[in-house]
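Per-entry structural report
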Amino acid sequence: MFRRPRVAIVSTGDELVDIYDQLQRGQIYDSNSHALAALVESYGGTCIRLPIARDTVSDVRAAFLSALEHQPDIIISSAGVSVGAFDVVRTVINELGRVDFWKINVRPGKPLAYGRVGEVPYFGLPGNPVSAMVTFDLFVRPAICRLGGRSLDVPTMMAATGEDIYSDGRRSYLRVYLVNIDGQYIAHLTGTQSSGALTSMVKADGLLIVPEDVKFVPAGTQLSVRKLRTS
């Protein structure tokens, strides 16, 4: 018998405002905490969405201490893990726990941190929304499923690329939509692969996996697709 894992979510950033507030110049909506909360719930977790933490040691510390008070099984933060900005978060995590690694060879989502806050597993996700959702799917989802007694299997399929693809040598997870032509699936890019383009995820049926060290994929190449939709 498994209980629903409790997942605390902290968004960090001076520029963030809640989606219900009026935007001012230089501000952006905190879409990540809502998207991540929905993902947590969809994989059987219970979400604890905490207030936005500003980019100061005192504010980030208070946010993580508040998260610990909720006795979570996992803590996620969004943003504050890129070069320079991570100094604040890392200072607090090292004070309250430890950072085991920072940065991965994945696109989108190179700035990703993992460690512990107290004794609670911690995932520091990127601030760009697509990067946050992709790294959640790759790293956080398996942890939630394991704690909740759910299958770790992810549906995948082979598909031919619908156009030439250029990559930067990192393992890349590109948003694609799938077209079935006489039983053969063709994977087409959903448009811009910018990590800030939420529409690229909305339109996607799956994530086309371009292996590491591959910088050019000609159209028609068979690659694996990590499915985001079950139908």
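None of these values were measured; they are calculated from a predicted model.

A word on the state of the cysteines. This model, assessed by the stated rule, comprises zero disulfides. Cys47 forms no disulfide, and the closest cysteine sulfur to it belongs to Cys145, at a distance of 15 Å. Using a relative accessible area of 2% as the deciding quantity, one classes Cys145 as buried.

A cluster of nonpolar side chains, namely Ile19, Tyr20, Leu23 and Tyr29, defines an oily patch on the protein surface of about 400 Å² accessible area. Along the chain, Leu23 turns up in the loop between strand 2 (16–17) and strand 3 (28–29). By relative accessible area, which is 32% here, Leu23 ends up partly exposed.

Another point: the packing of aromatic side chains. Applying the stated criterion across every chain, the model contains five aromatic pairs. One aromatic cluster is present, built from ring pairs that chain together Phe101, Tyr114 and Phe123. Just above the ring of Trp102 sits the side chain of Lys103; from NZ or CZ to the centre is 4.9 Å. If you follow Arg141 out to its NZ or CZ, it ends over the ring of Tyr43, 5.9 Å from the centre.

Across the sheet, six strands lie side by side as 4-1-5-9-8-6; this open sheet has mixed pairing. In this open sheet, the two edge strands, each paired with only one partner strand, are strand 4 (46–49) and strand 6 (97–102). If you compare each strand with its neighbour and ignore which way they point, the axes differ by 20° on average. As paired elements, strand 5 (residues 74–78) and strand 9 (residues 120–125) share four bridges and run parallel to each other. By the bridge assignment, Ser78 is partnered in strand 9 with Leu125. The strands that helix 2 (residues 57–69) touches are strand 1 (6–11), strand 5, strand 8 (113–117) and strand 9; relative to strand 5, the one it contacts most, it runs at about 150°. Against the sheet, helix 4 (residues 129–147) contacts strand 1, strand 5 and strand 9, and its axis sits at roughly 165° relative to strand 9.

Moving on: helix 1 (residues 31–42). The end-to-end C-alpha distance of helix 1 is 17 Å, a good match for the 16 Å that twelve residues give at a rise of 1.5 Å each. Gly44 lies just past helix 1 and shows a positive phi near 90°.

Reading the values: rules and limits
Here, residues in each chain are numbered from 1, in the same order as that chain's written sequence. For this predicted model, a pLDDT threshold of at least 70 governs which residues receive local features, and a threshold of 80 or more governs which side-chain atom pairs are given and counted, while totals over whole chains, interfaces and linings are taken from all residues. For the side-chain quantities, the full set of heavy atoms in the structure was used; hydrogens and water were omitted. Criterion for a disulfide: a pair of cysteine sulfur atoms within 2.5 Å. The cut-offs for exposure are 20% and 50% of the maximum accessible area for each residue type, with area from a 1.4 Å probe on protein chains only; residues under the lower value are buried, those over the upper are exposed, and the others partly exposed. Two joining distances apply to patches: 9 Å for like charges and 5 Å for nonpolar side chains (Val, Leu, Ile, Met, Phe, Trp, Tyr), and every residue must have over 30% relative accessible area and no salt bridge. For the area figures, the Shrake-Rupley method with a 1.4 Å probe applies, and any residue is considered shielded solely by the protein chains shown. Salt bridge, as used here: a side-chain nitrogen of Lys or Arg that lies within 4 Å of a carboxyl oxygen of Asp or Glu. The way it works is that DSSP assigns letters per residue, a run of H or I at least four long becomes a helix, a run of E at least two long becomes a strand, and they are numbered from the N terminus. The criterion for an aromatic pair is that two Phe, Tyr or Trp rings (for Trp, the six-membered ring) have centres within 6.5 Å, with stacked assigned to planes under 30 degrees apart, edge-to-face to planes over 60 apart and tilted to the rest. Should the NZ of a Lys or the CZ of an Arg lie within 6 Å of a ring centre and within 35 degrees of the ring normal, that charge is described as sitting over the ring. Strand pairing follows a simple DSSP-based rule, namely that at least 2 bridges must link the two strands. Every axis corresponds to a line fitted to the C-alpha atoms, with the helix fit spanning only the stretch in contact, and the corresponding angles, defined between N-to-C directions, vary from 0 to 180 degrees. Whether two residues are in contact is decided by their heavy atoms: any pair within 4.5 Å suffices. What a helix should span is 1.5 Å times the count of its residues minus one.

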